[in-house]
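Spelled out, the chains give:
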Amino acid sequence: MIPFVAFIQKEFFHILRDKRTMLILLVMPVVMILIFGFAISTEIRNINVVIVSPNQSESVRQIVEKIEANEYFSVVGTLPSPHQIDRAMRSDRADIALVFDANFEQNASVQLVIDASNPMVATAEMFYLSGIMHAYFTNKLQGILPPQSIGTSVRMLYNPQMKSSYNFVPGIMGLIFILICAMMTSVSIVREKEVGTMEVLLASPVKPLHIIFAKMIPYFVISCVNLATILLLAYFVLEIPMVGSLFWLCTLSIIYIVLALALGLLISTVVTSQVAAMFGSLLGLMLPVLLLSGMMFPIENMPIPLQVLSNVIPARWYIAAVRKLMIEGLAVSYITKELFILLGMTLFLIIIALKKFKNRL
Amino acid sequence: MKRETVIKVDNLTKRFGSFTAVDSISFEVGRGEIFGFLGANGAGKTTAMRILCGLSIPTSGNATVAGFDIATQSEQVKRNIGYMSQKFSLYDDLNVWENIRLFAGIYGMEARDIATKTDVLLQKLNFESERNTLIKALPLGWKQKLAFSVAIFHNPKIVFLDEPTGGVDPATRRQFWEMIYEAAESGITIFVTTHYMDEAEYCNRVSIMVDGHIAALDSPNNLKQQFEVDTMNEVFQHLVSNAKRGE
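Residues numbered from 1 in each chain as written. Chains lettered and ligands numbered in written order. Predicted model: local features only at pLDDT ≥ 70, side-chain atom pairs only at ≥ 80, totals over all residues. Heavy atoms only, no water.

Caption draft 1: Geometry of the overall build of chain B. In terms of regular secondary structure, chain B is built from nine helices and ten strands. Against the compact-globule benchmark of 18 Å for 247 residues, chain B has a radius of gyration of 18 Å, which places it among compact chains. By its C-alpha atoms, chain B is 50 × 40 × 40 Å across when sized along the principal axes. Intrachain contacts of chain B at a sequence separation of at least 6 include 69% that bridge at least 24 residues. For chain B, the accessible area works out to roughly 11000 Å², and carbon and sulfur atoms hold 46% of it. Mean positive and mean negative side-chain charge positions of chain B (26 and 30 charges, respectively) differ by 5 Å. (Helix = DSSP H or I, 4+ residues; strand = E, 2+ residues; numbered from the N terminus. Rg over C-alpha atoms; globule rule 2.2 N^0.38 Å. Contact = heavy atoms within 4.5 Å. Areas by Shrake-Rupley, 256 points an atom, 1.4 Å probe, with all protein chains shown as cover. Lys, Arg positive; Asp, Glu negative; His and termini not counted. Charge placed at Lys NZ, Arg CZ, Asp CG, Glu CD.)

Caption draft 2: Geometry of the domain arrangement of chain A. The domains assigned to chain A are domain 1 (2-40 + 163-359) and domain 2 (47-141). For domain 1 of chain A and domain 2 of chain A, the distance between their C-alpha centres works out to 47 Å. (Domains from an automatic or database assignment.)

Caption draft 3: Summary view of the pairing of strand β4 (residues 60-65) of chain B. Residues and elements named next belong to chain B. Pairing between strand β1 (residues 5-16) and β4: five bridges, direction antiparallel. Bridge pairing links Asp10 to Asn62 in β4. Across two bridges, the pairing between β4 and strand β5 (residues 68-69) is antiparallel. Paired with Val65 across the strands is Phe68, a residue of β5. (Pairing = 2+ DSSP bridges.)

Caption draft 4: Fine view of the interface of chain A and chain B. The interface is formed by 24 residues belonging to chain A together with 25 residues belonging to chain B. Counting across the chain A and chain B interface gives two salt bridges. For Arg50(B), the salt bridge is made with Glu199(A), and the minimal N-O distance between the two is 2.8 Å. Looking at the side of chain A that touches chain B, the elements with two or more residues in it are α1 (2-17), α7 (164-195) and α8 (197-202) of chain A. In terms of residues, the side of chain A that touches chain B owes the most to one element, α1(A), which gives eight residues. Taken together, the residues of the side of chain A that touches chain B break down into twelve nonpolar, five polar and seven charged. (Salt bridge = Lys/Arg side-chain N within 4 Å of Asp/Glu carboxyl O. Nonpolar A, V, L, I, M, F, W, Y, C, P; charged D, E, K, R; others polar.)

Caption draft 5: Representation of the sheet that holds strand β2 (residues 19-30) of chain B within the structure. Residue and element names in this part refer to chain B. Ordered by their spatial adjacency, four strands build an open sheet running β2-β1-β4-β5, and the pairing between neighbours is antiparallel. In this open sheet, the two edge strands, each paired with only one partner strand, are β2 and β5. Across the sheet, helix α1 (residues 45-52) touches β1, β2 and β4, and the angle it forms with β1 is around 120 degrees. (Axes fitted to C-alpha atoms, helices over the stretch in contact; angles between N-to-C directions.)

Caption draft 6: Broad picture of the confidence of the model for chain B. Looking at chain B, pLDDT values average 88 and 98% of them are 70 or higher. The least confident element of chain B, judged by mean pLDDT, is helix α9 (residues 232-240) of chain B at 86; the most confident is strand β8 (residues 189-193) of chain B at 94. (pLDDT = per-residue confidence, 0-100.)

Caption draft 7: Geometry of the packing of helix α9 (residues 208-236) of chain A against helix α10 (residues 246-270) of chain A. Residues and elements named next belong to chain A. Packing of α9 against α10 brings their axes to within 10 Å, and their N-to-C directions diverge by 140 degrees. As α9 runs across α10, the sense of the crossing is right-handed. Residue-level inspection shows Ile212, Met216, Tyr219, Phe220, Ser223, Cys224, Leu227 and Leu231 of α9 in contact with α10, the latter providing Leu246, Leu249, Cys250, Ser253, Ile254, Ile257, Val258, Leu261, Ala262 and Leu265. For the contact of α9 with α10, the class distribution of residues is 16 nonpolar, two polar and no charged. (Left-handed = near helix turned anticlockwise from the far one by under 90°.)

Caption draft 8: Representation of the environment of Arg131(B). Residue and element names in this part refer to chain B. Turning to its location among the elements, Arg131 is positioned in the loop between α4 (111-125) and α5 (140-151). For Arg131 and Asp119, which are twelve residues apart along the polypeptide, the C-alpha to C-alpha distance reads 9.3 Å. Setting aside residues up to four positions removed in sequence, Arg131 forms contacts with Asn95, Val96, Trp97, Thr118, Asp119 and Leu122.

Caption draft 9: Structural context of unusual backbone geometry. The backbone of Glu239(A) shows a phi angle near 55 degrees, a positive value even though the residue is not glycine. Here Glu239(A) shows up in the loop between α9 and α10. Even without being a glycine, Asn155(B) presents a positive backbone phi close to 55 degrees. Position of Asn155(B) relative to the elements: it lies in the loop between α5 and β7 (158-162).

Caption draft 10: Examining the packing of helix α8 (residues 220-227) of chain B against α9(B) more closely. Residue and element names in this part refer to chain B. Interaxial distance between α8 and α9 falls to 9 Å at its minimum, and their mutual angle equals 60 degrees. What the angle tells us is that α8 and α9 run oblique. The element α8 and its partner α9 pack so that their crossing is left-handed. Contacts between α8 and α9 pair Pro220, Leu223, Lys224 and Phe227 from the former with Met232, Val235, His238 and Leu239 from the latter. By residue class, the composition of the contact of α8 with α9 is six nonpolar, one polar and one charged. (Parallel < 35°, antiparallel > 145°, perpendicular 65-115°, else oblique.)

Caption draft 11: Summary view of helix α6 (residues 170-185) of chain B. Residues and elements named next belong to chain B. A rise of 1.5 Å per residue sets the reference length of α6, with its 16 residues, at 22 Å; its end C-alpha atoms lie 23 Å apart and thus fit the reference within 8%. Within the sequence span of α6, burial applies to Thr172, Arg173, Phe176, Trp177, Met179, Ile180, Ala183 and Ala184. Burial along α6 is one-sided: seen end-on, the buried residues are contained in an arc of 155 degrees. Taking the backbone nitrogen of Ala171 as reference, a side-chain oxygen 3.1 Å away marks Asp169 as the first, capping residue of α6. Backbone geometry just downstream of α6 places Gly187 in the positive-phi region, at approximately 100 degrees. (Expected span 1.5 Å × (residues − 1). Buried < 20%, exposed > 50% of the residue type's maximum accessible area, 1.4 Å probe, protein only. Arc of directions from axis to C-beta. Polar contact = N/O pair within 3.5 Å; in protein donor to acceptor, adjacent residues only side chain to side chain.)

Have a look at this one:
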C-alpha cells in the first residue's frame, strides 16, 4: 500500500511542478465559462433598423418608438424610398429595413426586408421584430376585433429570458471533463512510455493497475475541483438557477469524469507518442463533443446518420442529463435513461481499457 | 571457480509474426558475474533482455532468473532484479531524494531503511548537496550514475543495464564501470548491453548476438584468441559482417 501512496504523490508532483499545465487545468474552465457565458452569445443584439416610410403618420411614429425602446434594436435612420435599402445594407449601415406602405393608416401593410446572409441571425431578427409589430397591432385592435380572434400566446419555460449561457454551461461541462481527464491522463501515461520510465516501472514489482490508478486519481481530484468551480460560477456569476438536485448533478458528473478517465487510458494504450495522444484526444474526442453532442447544434436537426452517430458520444447523454437536472430542475427519475447509458459506457470502456493495457505488458 | 547460476536460459525464442527476433538462445550466467550482451542493432539483444526482465513473454523456451521461472513467476523475478533502461529511467521533475524514495518504495523497502541508505549513498557519490535538486538540472553523467545507484538500491540479485553509458563522456564512463565492478564484488550479477567495444573488454564474459542467434560466448581474452585478433572490436566486426539483418 505504501508504494501506491508514493505513486499518487509522484503524480501530484508531476502536475504541481508543471506550472503551465497546472494553470491551464484550473483556469481553463473558468475562462471557458466566462467566454461562453458573456462574450459568445447566440442572442442577437444591436440590430440596426432603417425605416422606409413615404409619410410620417401617427401609427408609424408609435411603431418606431416601440422598436427603439427595445434593447435589441436601434433605429439608425429613415430612408425616403425602398430603392436605397440595398445600398444601406451593403454599406453595413442597416440589418433590417421596415418598409411602410404609403397608405399604412388604411391598409396596415408593412414589409420587412432582412439581410439574410446569415440565415440564423436573420430568422431571429425576423421573430423579434414580428413580435414587436404583433404586440403593437394586438394592442391597437383591442376592442375592434371580436374578442375570440385567433392568436398564439407564447411562454418560454425554464429559460424565460432565452439566455444562451443556460445552454452553454452543460456543454462546457461535457467538454472540460473530456479534455482534462481523457487528454491529460492519456498524455501523462504516454509520456512515461516515451521517456522510458514506464519500462522501468513495468520491470519492477508494481502492479500495472496501481500505476494507472495512481495516474487517474490526481486528474479525478482536479476534475472535482473544476466541477465545483463551474457550478459556483454558473450559480453566482451567470446566475443560472440550480433548480435540480445538486447531489444527482454531482453523481452524474462523477460518472462522466470516470468515463473520461477510462477513455484517456484507452487512448494511451493505442498511441505511442505524446503528440499522438494529444491529437487523438483533440480530434477523436473534442470535435465530436463540440459538433455532435447537441452542445452547439441541436441533434434533432442533424441528418439521420449523424443522429445515429451521436448516440455513441457520451457527452450527448451527459449534456442532456445536466440540462434536465440543472435548468429544467427535473427529478432524477427523468434522467435514469441517461444515467444508465453513461454507467454502461463507463463500465464498457473501463473493461476494454484494462484489457488492452494488460495485453501490452 | 564454479559460480552459483543466477540466470539460466534454455532455447529461448521470441517471434513477432513471421519475424524471429530471438532464435533459440541458451546460456547461463553465474552470481557476481559481469555478463556483456553484445550485438548489432536489431540482432535481438534488447528483446532477449526484455524477456528476462519480465517485460515480454517468450514464444517458446524456458528461462529462470534468480531461481524463478520468467513465464510463471514473473512477480518474484521482478522483485529480485534491478533494471536500467536504454532511455533515461529517473523522473526529470522529481528531485534526487524523491526518485530514490519512490523506486525504493516500489521494491518494498521500509521508509527508515530508505532514509539511512540514501544518506550513505549520497555521501559516497558526493551528492549530498544535490539531494533536493530536480533530476533535469543534473548533467547526464551524474544522472546515469544516479540511475544505476537507484537500480541497485534495493540490493537485487541481478541488475539489467540496457546501454547504460550511451552519450556519456569517457571519464564518466570509466567511473560508471568502477561502480559496476563494485556492485559485482558485492555479489550483484551484472547483465549489460553496450555498443562500446572497450566496455566489452571490461566484462567477465561476453555473448555476441547475430541475427537472433548467439554467435559467440566466452571471455574477451578467449574470444580474441579464438579469432586471432587483438581487440574485441575486431571480434565483433568479424562476427557481425556475416549478419543478414540490417538496422
